Amino acid sequence: MAVANVSSHDVEHHEHEHHDNFITKYIFSTDHKMIGKQFLVTGIFWALIGGFLSIVFRLQLGFPDMNLEFLRPIFGGWIDNTGKLDPNFYLALVTMHGTIMVFFVLTAGLSGTFSNFLIPLQIGARDMASGFMNMLSYWFFFLSSVVMFCSLFLEKGPAGGGWVVYPPLSALEQAIPGSGLGMTLWLVAMTFFIVSSLLGGINYITTVINLRTKGMSFARLPLTIWAFFLTAIIGLLSFPVLFSAALLLVFDRSFGTSFYLSDIYIGGEALPNTGGSAVLYQHLFWFLGHPEVYIVLLPALGITSEIIATNSRKPIFGYKAMIISMLGITILSFVVWAHHMFVSGMNPFLGSIFMFLTLIIAVPSAVKVFNYLTTLWRGNLRFTPGMLFSIGLVSVFISGGLTGIFLGNSAIDIQLHDTYFVVAHFHLVMGSASFFGLVAGVYHWFPKMFGRMMDEKLGHIHFWLTFVGIYMVFFPMHYIGIAGFPRRYYTWTEFAFSDMYTDLNMFVSAAAIITFAAQMILVFNFFYSMFFGRKASLNPWRSNTLEWTTPLHPQHGNWPGEIPSVYRWPYDYSKPGSKEDFIPQTIPLSATPESNLPHEEKLVNLEKEIIAEEGQILVANETKEES
Amino acid sequence: MEEKLSYEEGAVQPLSMHPKKFALWLFIVSVVMVFASLTSAYIVRQGEGNWLEFNLPDIFWYTSAVIILSSITMHWAYVSAKNDALDMLRLALIITSFLGFAFLVGQWYSWVALVDRDVYFVGNPSGSFLYVFTGLHALHLISGVIFLIIVLISSLRYKIHSQNMAQMEMCVTYWHFLGALWIYLFMFLLLNH
Amino acid sequence: MYGLLIAIGIVLLLSVIWMVYRIQALISVAKGSSKKIATTSNKVNAILMMVFLVGCTILMVWYSIKEFDNYQLPVASEHGVITDQLFWVTMAVTGFIFVLTHILLFWFGYRYQYDDNKRAAYYPDNNKLEIIWTLVPAVVLTVLVFTGWRAWKDITAPAPEDAHVVEIMGYQFAWEIRYPGKDNVLGDYDYRLINANNSRGIDFTDKNSFDDFPSQQVVIPKGEPVLFKIRARDVLHSVFAPHMRLKMDAVPGMPTRFWFVPTKTTTEMRAELGDDEFEYEIACTEVCGRGHFSMRRVITVLEPDEYREWVSEQESFIKRNPDLISDLPSDLKELAEIYINESK
Ligand code: HEM
Ligand SMILES: [Cu+2]
Ligand SMILES: [Cu+2]
């Protein structure tokens, strides 16, 4: 009763709700679609900044003798009189690049965009459980962005201790200038970011559990929604821990406590702190940090599952296995954190335990890859840009995932830890894979977001430049890493063992610049198509999921009439017997007798009953409401 | 008709809770994670040695009693609301808020007691952790008291009664949670200080 | 100069893309944008997948073989031989899977490109397959982990009693090295004792410190166990000796350790590589500030008898700088002076 009540009530409600003014429509909007777009545009902005920073430090690494005078207008005093980058600023660049990419682009820009945009549309809800909280979530993110952005322009530079901000380096201003105000702003920004993530995550979980439309059981949820749902759960459990870690760090920095600090002599004086433990911070940080990498990755995997199935015109292979492996990843991601700390001085016995746990997590990842491959097998593949990026994701996920097997083996990790091998690993498996997921999602859902198509040819060119580009950037890093080149080095010429590969580093930097430049194609395509793109049809990819049953420009409330009911899982592509090669979720089984499988026949009768009742209920409610 | 309706509901909405209540539970989960991580950090750090030993302030026993009492009065408020005993509801809410306030004052005196024993926020982490636990819990309790006052105001406006319990129920849940959280922290400290 | 070139390159690239875009847009307008799915561009993409597969495989194989001697660092410790072996075994296993899955991925892309006359197979699941490809990776991984675990257990086991102790202390931005002297026991230290004369904070009231001596290099004997005792004075650092396959963080307030057995003297390694300049090196691999990239120290591996000779030539801290014991209580001071005189 409640259900029918709510929806029939909403119908009337939404019919006269279309007079938003500019502010409520584009700025303080509570419409999940607009909030999703806000996250997306902010994410694109950050991606450009983060990418630009990486180009600057790649210039330093690839062309150490280059005169960077031309950057002085932007970086001012950080370029010295001989045109060289300041080493402290180099570290600040690396730190900011990491923070921005991991949190602002691949967490907020990816999960924020697509969880917001797709959850209500794909589960059949009018909006998120709380539109207001959702709006707050974006604006906390915005605030966090503003603070982080301002920190880039501080006189002493932004935080510079690496994106993991290990104390004591991040706690002591004497150790590096970025640990002054820059680090303070970093912590403030991250606190806002945590609040934003929690508000968003709580909303996503509540919405998925409580606001699914009729018939949308968990076994009929698209894999995108499963992915967003599990991502939100991971975030809910791990971000509070980052908050704890940051809180104690704030106390150490500003109030003189000794949670992480002990026995330090710096700048000519012995500090009073004793009894703290620097390794404690690492435990707390990585308890978030490892789940965070899956927060970044899972939405991308969900998006590609959907896109690959649609464009292979085939059901995703092993729907259940996909869900089980995502569940496995979710759970396991909380018990592997210390694999980042094999040589931190932690008890080696703990190291053994975490080695075993870590390699278990490779199994569900492998299962997912095999399922993707089998989905492609005997499909009928359409290479839309979204599809190409999804295939690209599978490729980089394999490449990066396999190197995880080296790193998860603590004996091998002794040599590889904090070398470029790790950099190659996570840029492929996390950076590139999630970025590909993000881009694939943009190409695929652009017609739903803006009612227009992005240009396909440009998309193809963009894909091939990017795909070749990122391999040219990150594949060579394996060689450099095996050769032992450490991370976060301003230059490698100080050591004989790493005073080589100048050619390879130059190549990497050049490839990075080209790849970054190629992203301008996407930016152009995105903004150009937003206004001048070809008008989209209602269901351009001939897809099964619910979002394509909305009008071209859905209003706040998504469906003008009643929310459609769902009668089947989202992957009925190329079902034998059916005329079309797709059957949307809203088509009852009883309407497709020609293609039903034996066990579905039994469901048909049940379904008929429900449909018959539906009519009655509506009538009943209407009379009730009038009275 | 009624029968069919419930069938309909059961078939399509396998799990459905008031979304705001559900969100509150999720919020509680995240608060649990904050304290779980801090108490784990405490244990990890304690295991490394160099740990200042001191006795917990006795006042914790009193504040614990106060907070348990406040949970009881909160329950009383809940029952009253359910029975539409509005005056009783208001009284119970006022008493609960007052007890919450008393708890906060008590916690403040526990800090005074700590300072008397030369245990400061800045110093050995064993003391610092204690301040962080109590301080962070107190912050949450303040938010609980504010919530109580909001509920009290709605009850004065006749917005809370047996047909409109959502806000009340959320407040009850949150308040009991804060009580349980403190009892957990206290037990934890008793066992591990 | 470079900047200009790059800028020009970018501009050129952008303008090419712009041209392609315009031309293509015009053509599609002229043709009348078709609803067909199996377009030429679909075919082109499918072909590009094969091109990518073949091209990248050739590139990868060629470069991996050509550069092998460059990226494969010579190994000079006992456990390093084992971990290298593990590394290459893992490389073989993962390399096989890497190539196999990529062939499948791109071949499927090419083979099953869209065709209007065909239909995809409706193939939603197969539990047997799922179980197979859960179990096979699980078993393979278990084997890999197990071998890794055995190596890890040995590497992190307590050092043998007779290991030569060397203390390495990281600070911004260098390493300080201390040897325990004849007794093979390092004297105590306390960070509050650090001053200009005593950069390591050695506690000279501890008699064990009397024979401790400093060194500019890490000098160790070949074929005998060596124990690095590692600590840090200000922020985190990490001792990384790439040829020894050794890495361990240096943590303020929490001493760490790593023991190993070097297998080749510096001289031997020079001969092997044909490089007279070769030195074993220590680098820092935990970001520690401005000079992180320049914390270099040299390790010299000597034959055991050469090593003993070298040790006997070293002068202890208190002998180098008698001021260090000037503040000691008189009885200790006497002892220290006796020590100094004896070793003359
Ligand atoms: C196949 C399963 C995987 C295994 C066994 C694995 C293992 C590891 C290990 C042991 C490290 C630490 C290396 C070191 O610092 O020495 C590491 C680093 C990292 N991994 Fe993975 N990984 C896997 C998959 C992933 C995935 C799927 C992601 C992201 C979505 C990811 C993201 C990262 C990141 C970001 C780091 C580096 C963090 C840093 O130090 O800055 N890994 N991985
Ligand atoms: Cu990890
Ligand atoms: Cu360092």
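Residues numbered from 1 in each chain as written. Chains lettered and ligands numbered in written order. Predicted model: local features only at pLDDT ≥ 70, side-chain atom pairs only at ≥ 80, totals over all residues. Heavy atoms only, no water.

Would you mind going over the overall build of chain A with me for this structure?
Scanning chain A from N- to C-terminus turns up 17 helices and two strands. Computed over the C-alpha atoms, the radius of gyration of chain A is 26 Å, within 12% of the 25 Å expected from 2.2 N^0.38 for a compact globule of 627 residues. Based on the C-alpha atoms only, the size of chain A along its principal axes is roughly 85 × 55 × 50 Å. For chain A, with 627 residues in total, the buried portion stands at 72%. Contacts in chain A between residues at least 24 apart in sequence constitute 77% of all its contacts with a sequence separation of at least 6. Carbon and sulfur atoms provide 69% of the accessible area of chain A, an area that totals close to 18,200 Å². Both charge centroids of chain A, one from 32 positive and one from 40 negative side chains, sit 8 Å from each other. (Helix = DSSP H or I, 4+ residues; strand = E, 2+ residues; numbered from the N terminus. Rg over C-alpha atoms; globule rule 2.2 N^0.38 Å. Buried < 20%, exposed > 50% of the residue type's maximum accessible area, 1.4 Å probe, protein only. Contact = heavy atoms within 4.5 Å. Areas by Shrake-Rupley, 256 points an atom, 1.4 Å probe, with all protein chains shown as cover. Lys, Arg positive; Asp, Glu negative; His and termini not counted. Charge placed at Lys NZ, Arg CZ, Asp CG, Glu CD.)

What is the right way to read the arrangement of the chains from this model?
Contacts are most numerous, across the two pairs of chains in contact, for chains A and C. Separated in space, chain B and chain C share no contact, their closest pair of C-alpha atoms being 9 Å apart.

Can you help me understand the pattern of salt bridges in this one?
What the rule picks out here adds up to 29 salt bridges over all chains. Between Asp212 of chain C and Arg178 of chain C there is a salt bridge, and its shortest N-O distance comes to 2.7 Å. On the criterion of sequence distance, the pair formed by Asp212 of chain C in the loop between strand S2 (174-179) and strand S3 (213-215) and Arg178 of chain C in strand S2 is long-range, its members being 34 residues apart. Residue Asp212 of chain C is classed as buried on the basis of its relative accessible area, which comes to 0%. What makes Arg178 of chain C buried here is its relative accessible area of 0%. With its nearest N and O atoms 3.4 Å apart, the salt bridge here joins Arg192 of chain C to Asp190 of chain C. If you follow the salt bridges from partner to partner, you end up with Arg313, Arg542, Glu580 and Asp581 of chain A in one network. (Salt bridge = Lys/Arg side-chain N within 4 Å of Asp/Glu carboxyl O.)

Any chance you could explain a negative patch on the surface here in plain terms?
A cluster of acidic side chains, namely Asp305, Glu306, Glu309 and Glu313 of chain C, defines a negative patch on the protein surface. Structurally, Glu309 of chain C can be placed in helix H7 (residues 304-313). (Patch = residues over 30% accessible without salt bridge, like charges linked within 9 Å, V, L, I, M, F, W, Y side chains within 5 Å.)

I keep staring at the sheet that holds strand S1 (residues 164-171) of chain C and nothing clicks. Help me out?
Sheets are built from strands that pair by backbone hydrogen bonding, the pairs being arranged parallel or antiparallel. All names here are of chain C. Spatially, S3-S2-S1-S5-S8 is the arrangement adopted by the five strands of the open sheet, whose pairing is mixed. Looking at which strands have only one partner, the edges of the open sheet turn out to be S3 and strand S8 (256-260). When strand polarity is set aside, the average angle formed by the axes of neighbouring strands in this sheet is 30°. Summarising the sheet, S1 and S2 pair through five bridges and their orientation is antiparallel. Residue pairing across strands places Met169 opposite Glu176, the latter belonging to S2. Sheet strands touched by H7: S1, S2 and S3. Its angle to S3, the strand with the most contacts, is close to 115°. (Pairing = 2+ DSSP bridges. Axes fitted to C-alpha atoms, helices over the stretch in contact; angles between N-to-C directions.)

Would you explain a nonpolar patch on the surface in this entry?
Residue and element names in this part refer to chain C. Taken together, the side chains of Val44, Ile47, Leu48, Val51, Val99, Ile103, Trp107 and Tyr110 make up a nonpolar region of the molecular surface, amounting to roughly 630 Å² of accessible area. Those elements giving two or more residues to the nonpolar patch turn out to be helix H2 (40-66) and helix H4 (78-111). When you line up the elements, Val99 lands in helix H4. Assessed through its relative accessible area of 34%, Val99 is described here as partly exposed.

Before we go on, may I ask you to explain the interface of chain A and chain C in this structure?
Frequently, the measure chosen for interface size is the accessible area removed from exposure when the parts meet. Counting from both sides, the interface comprises 132 residues of chain A and, opposite them, 109 residues of chain C. Where chain A packs against chain C, one counts one salt bridge. The partner of Arg290 of chain C in a salt bridge is Asp86 of chain A, and the shortest N-O contact between them spans 3.1 Å. Looking at the side of chain A that touches chain C, the element that brings in the most residues is helix H11 (residues 348-376) of chain A, giving 15 residues. Residue composition of the side of chain A that touches chain C, grouped by class: 84 nonpolar, 29 polar and 19 charged. (Nonpolar A, V, L, I, M, F, W, Y, C, P; charged D, E, K, R; others polar.)

What's the story with the coordination of the copper ion (ligand 3) in this structure? I'm lost.
Angles between donor atoms at a metal ideally measure 109.5 degrees for a four-coordinate tetrahedral arrangement and either 90 or 180 degrees for a six-coordinate octahedral one. All names here are of chain C. Bound to the copper ion (ligand 3) on the protein side are His237 (ND1), Cys284 (SG), Cys288 (SG) and Met295 (SD), at distances that span 2.1 to 2.6 Å. Spacing between the donor residues of the copper ion (ligand 3) along the chain follows H-x46-C-x3-C-x6-M. When its relative accessible area of 0% is taken as the criterion, Cys288 is described as buried. (Donors = N, O, S within 2.8 Å, 3.2 Å for Na, K, Ca; no water.)

What should I look at first to understand the coordination of the copper ion (ligand 2) in this one?
Protein ligation of the copper ion (ligand 2) involves His290 of chain A (ND1), His339 of chain A (NE2) and His340 of chain A (NE2), the donor distances falling in the range 1.8 to 2.0 Å. Summarised as a motif, the one-chain spacing of the donors to the copper ion (ligand 2) is H-x48-H-H.

So what exactly am I meant to see when it comes to the site of ligand 1 here?
Residues and elements named next belong to chain A. Among the 21 residues in the neighbourhood of ligand 1, the closest are listed as Trp163, Asp413, His417, His425 and Arg487. Contact between ligand 1 and His417: an oxygen atom at 2.7 Å from a side-chain N or O atom of the residue. A distance of 2.9 Å is found between a nitrogen atom of ligand 1 and a side-chain nitrogen or oxygen belonging to His425. Residue assignment for the shell around ligand 1 shows that the elements contributing at least two residues are helix H9 (278-312), H11, helix H12 (385-407) and helix H14 (420-450). The element best represented in the shell around ligand 1 is H14, accounting for five residues. For the shell around ligand 1, a count of residues per class yields eleven nonpolar, eight polar and two charged. (Near = heavy atom within 4 Å. Polar contact = N/O pair within 3.5 Å; in protein donor to acceptor, adjacent residues only side chain to side chain.)

Can you walk me through the pairing of strand S5 (residues 226-232) of chain C in this structure?
For a regular strand, the rule is simple: side chains alternate between the two faces of the sheet. Residue and element names in this part refer to chain C. Of all seven residues in S5, six are buried; the element is thus mostly enclosed. As paired strands, S1 and S5 are joined by seven bridges and run parallel to one another. Counterpart to Val166 in the pairing with S5 is Phe228. Alignment of S5 against S8, held across five bridges, turns out to be antiparallel. Of the residues in S8, the one forming a bridge with Val226 is Phe260.

Explain the nonpolar core to me, please; I cannot follow it from the model alone.
Across soluble globular proteins, nonpolar side chains show a tendency to be buried alongside one another. Counting residues in each nonpolar core, the largest one holds 352 residues, and the members touching the most others are Phe114 and Tyr501 of chain A, Met168 of chain B together with Val218 of chain C. When residues of this core are sorted by domain, at least three fall in each of domain 1 (33-259 + 275-532) and domain 2 (550-626) of chain A. Residues contacting Tyr501 of chain A, with those up to four places away along its chain left out, are Tyr479, Ile480, Ala483 and Phe485 of chain A together with Tyr63, Glu67, Asn70 and Tyr71 of chain C. Within the second largest apolar cluster, twelve residues are counted, among which are Ile202, Ile318, Leu324 and Ile340 of chain C. (Core = buried A, V, L, I, M, F, W, Y, C linked by side-chain atoms within 4.5 Å. Domains from an automatic or database assignment.)

What is the right way to read the domain arrangement of chain A from this model?
All names here are of chain A. Structurally, chain A comprises domain 1 (33-259 + 275-532) and domain 2 (550-626). Distance between the C-alpha centres of domain 1 and domain 2: 38 Å. With 27 residues of domain 1 at the contact, the number on the domain 2 side is 27 residues. For the domain 1 and domain 2 pair, buried surface summed over both sides reaches about 2,300 Å², with 50% attributable to carbon and sulfur atoms. Applying the counting rule to domain 1 against domain 2 returns 21 residue pairs in polar contact (both at pLDDT 80 or more). Elements represented by at least two residues in the side of domain 1 that touches domain 2 include exactly helix H5 (87-123), H9 and H14. Residue contributions to the side of domain 1 that touches domain 2 peak at three residues, all from H9. (Buried area = accessible area lost by both parts, 1.4 Å probe.)

Would you explain the sheet that holds strand S6 (residues 237-241) of chain C in this entry?
Residue and element names in this part refer to chain C. Taken in spatial order, the five strands line up as S4-S10-S9-S6-S7 in an open sheet, and their pairing is mixed. Each edge of the open sheet carries a strand with a single partner, namely strand S4 (218-221) and strand S7 (246-250). Taken over all neighbouring pairs, the strand axes of this sheet differ in orientation by 25° on average, direction set aside. Two strands pair when backbone bridges link them, and S6 and strand S9 (residues 280-284) are joined in this way by two bridges, in the antiparallel orientation. By the bridge assignment for S9, Phe240 is matched with Ala283. Packed onto the sheet, H7 meets S4 and strand S10 (297-302) and runs at close to 135° relative to S4.

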